[in-house]
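Residue-level structure breakdown
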Amino acid sequence: MEYPILDKNSKPSDPSPGKCLVCGANLRETGFVWFMGQCDLHTRRGFLENIKPRLHWSLNIDMGFHGCHGAEHEGRLRKDRFVYVPIFLVNDFRSNNIELQFCSTQCARKWFNELMDDLDQAVEKAIQEEDAEVE
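All figures in this text were calculated on a predicted structure; none of them were measured in a lab.

Parameters and conventions
- Residues numbered from 1 in each chain as written.
- Predicted model: local features only at pLDDT ≥ 70, side-chain atom pairs only at ≥ 80, totals over all residues.
- Heavy atoms only, no water.
- Helix = DSSP H or I, 4+ residues; strand = E, 2+ residues; numbered from the N terminus.
- Buried < 20%, exposed > 50% of the residue type's maximum accessible area, 1.4 Å probe, protein only.
- Contact = heavy atoms within 4.5 Å.
- Salt bridge = Lys/Arg side-chain N within 4 Å of Asp/Glu carboxyl O.
- Patch = residues over 30% accessible without salt bridge, like charges linked within 9 Å, V, L, I, M, F, W, Y side chains within 5 Å.
- Areas by Shrake-Rupley, 256 points an atom, 1.4 Å probe, with all protein chains shown as cover.
- Lys, Arg positive; Asp, Glu negative; His and termini not counted.
- Charge placed at Lys NZ, Arg CZ, Asp CG, Glu CD.

Describing the overall build of the chain
If you tally the helices and strands in the chain, you get 3 helices and 3 strands. Tracing the chain from N to C terminus, the helices and strands come up as α-β-β-α-β-α. Residues classed as buried in the chain amount to 21% of the 135 residues present. The contacts in the chain between residues at least 6 apart in sequence include a share of 60% that link residues at least 24 apart.

This is how it looks when you write it as C-alpha cells:
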C-alpha cells in the first residue's frame, strides 16, 4: 500500500470513492466499514448550542458498518444489508489530535483486531434486534 492515503490535494471523496481500499470491491454491493476522524474548531461564538462559547478544538473518531445501498430492491440476500452500526472511539475530545501507543506491532494488531471483533459483535446484535422486531 502507498502512503499517505490522503494529503492536501485530496478531495473529500478520495481515495477511490465506492471501492474497497484493499480488494477494490464495489461498496454499493457489499456495504462498507468506515473509519472516520473529524476535528472542529469551536470559536468564541460557539459551534454547537450545547458547547460553551470559547476557543477550542474537538476531535471525534468513529468507525462502523453500513449495509449496502439499494438492498431493498435486490431482496434480502444477506442479513447485514440494512444494518448501520457506529462505534465511537473518541467523542468530543478537546484537542485536534490523538496518539495511541503500543509496545509492538503485534499489540497494535491485537488492538485493531479486537476493534474489528467489537464491530462484528455490534453488527450481529443489530441483526438479531432487527430479526426480533420482524417476528
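The rest of the description comes next.
Focus: the pattern of salt bridges
One pass over the structure, following the stated rule, counts 3 salt bridges. A salt bridge links Glu114 to Lys110; the shortest N-O distance between them is 2.6 Å. Of this pair, Glu114 and Lys110 both sit in helix H3 (residues 105-134), 4 residues apart, which is roughly one turn of the helix. Two residues, Lys125 and Glu129, come together in a salt bridge whose shortest N-O distance is 4.0 Å. Here the residue Lys125 and the residue Glu129 both occupy positions in helix H3, the gap between them amounting to 4 residues, near one helical turn.

Thoughts on a negative patch on the surface
On the surface, Asp117, Asp118, Asp120 and Glu124 cluster together to form a negatively charged patch. Given a relative accessible area of 41%, Asp117 falls into the partly exposed group.

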